[in-house]
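Breakdown of the fold
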Amino acid sequence: QVKVVESGGGSVEAGGSLTLSCTASKTGATFMRYTMAWFRQAPGKEREFVATINWSRSTTYYTTSVKVRFTISRDNAKNTVYLQMNSLKPEDSAVYYCAAGPMNSISPWLSRAYDTWGQGTQVTVSS
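As a starting point, this report considers the structure included with it. (Residues numbered from 1 in each chain as written. Predicted model: local features only at pLDDT ≥ 70, side-chain atom pairs only at ≥ 80, totals over all residues. Heavy atoms only, no water.)

Right, let's get into the overall build of the protein. Helix and strand content of the protein: zero helices and 11 strands. The helix and strand sequence of the protein, counted from the amino end, reads β-β-β-β-β-β-β-β-β-β-β. The C-alpha atoms of the protein give a radius of gyration of 14 Å, which matches the 14 Å a tight globule of 127 residues would have. Once the C-alpha set of the protein is aligned to its principal axes, its extents read approximately 45 × 25 × 25 Å. Residue pairs at least 24 apart in sequence account for 58% of intrachain contacts in the protein once pairs closer than 6 positions are excluded. Accessible surface for the protein amounts to roughly 6700 Å². Of this, 49% is attributable to carbon and sulfur atoms. Here the protein carries 13 positive and 8 negative side-chain charges, and the mean point of each set is 8 Å from the other. (Helix = DSSP H or I, 4+ residues; strand = E, 2+ residues; numbered from the N terminus. Rg over C-alpha atoms; globule rule 2.2 N^0.38 Å. Contact = heavy atoms within 4.5 Å. Areas by Shrake-Rupley, 256 points an atom, 1.4 Å probe, with all protein chains shown as cover. Lys, Arg positive; Asp, Glu negative; His and termini not counted. Charge placed at Lys NZ, Arg CZ, Asp CG, Glu CD.)

Counted by the stated rule, this structure contains five aromatic pairs. Here the aromatic rings of Phe39 and Phe49 are separated by 5.7 Å at their centres, their planes lie at 75°, and the arrangement is edge-to-face. A residue pair is termed long-range when its members are at least 10 positions apart, and Phe39 in strand S4 (residues 35-41) and Phe49 in strand S5 (residues 48-53) qualify at 10 residues. Grouping residues by exposure puts Phe39 and Phe49 together as buried. On the numbers, 5.4 Å between centres and 70° between planes, the contact of Tyr61 with Trp109 is edge-to-face. Here Tyr61 is found in strand S6 (residues 60-62), whereas its partner Trp109 is found in the loop between strand S9 (94-101) and strand S10 (116-117), with 48 residues between them in sequence. Accessibility expressed as a relative area gives 37% for Trp109, which makes it partly exposed. A network of ring pairs unites the aromatic residues Phe39, Phe49, Tyr114 and Trp117 as a single cluster. Between Arg47 and the ring centre of Tyr97, over which it is positioned, the NZ or CZ distance is 4.7 Å. The residue whose ring lies beneath Arg47 is Trp117, and the NZ or CZ to ring-centre distance is 4.4 Å. (Phe/Tyr/Trp six-rings, centres within 6.5 Å; stacked < 30°, edge-to-face > 60°. Buried < 20%, exposed > 50% of the residue type's maximum accessible area, 1.4 Å probe, protein only. Lys NZ or Arg CZ within 6 Å of the ring centre and 35° of its normal.)

Limitation: the analysis is restricted to geometry and does not speak to function.
Right, dumping it as structure tokens:
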């Protein structure tokens, strides 16, 4: 069974940086071929797409609000996906979730493209 677990959340001041990690608790045969993504959800708001990356690292998508500040990457040898977050703003505060889904989704920015989800890690940005 493949499960994903997020880590790296915490509290930072506006303008600071954090790197989130998402690691498989047990390596599965299909993990390296999964499309991976980060979503986030703030209190009282819907879960929103943040970034996604395909298995070969050849294609990425970002939501507009983070496009110039965040970078998604993956290290398949370590079974780990990262989200490098720079120039953090208070509005970035949310629980961040890692997700994994089958290859070749037509719309990898939609939550329905993913069938495995982590427990979430809290990111709090103060002003």
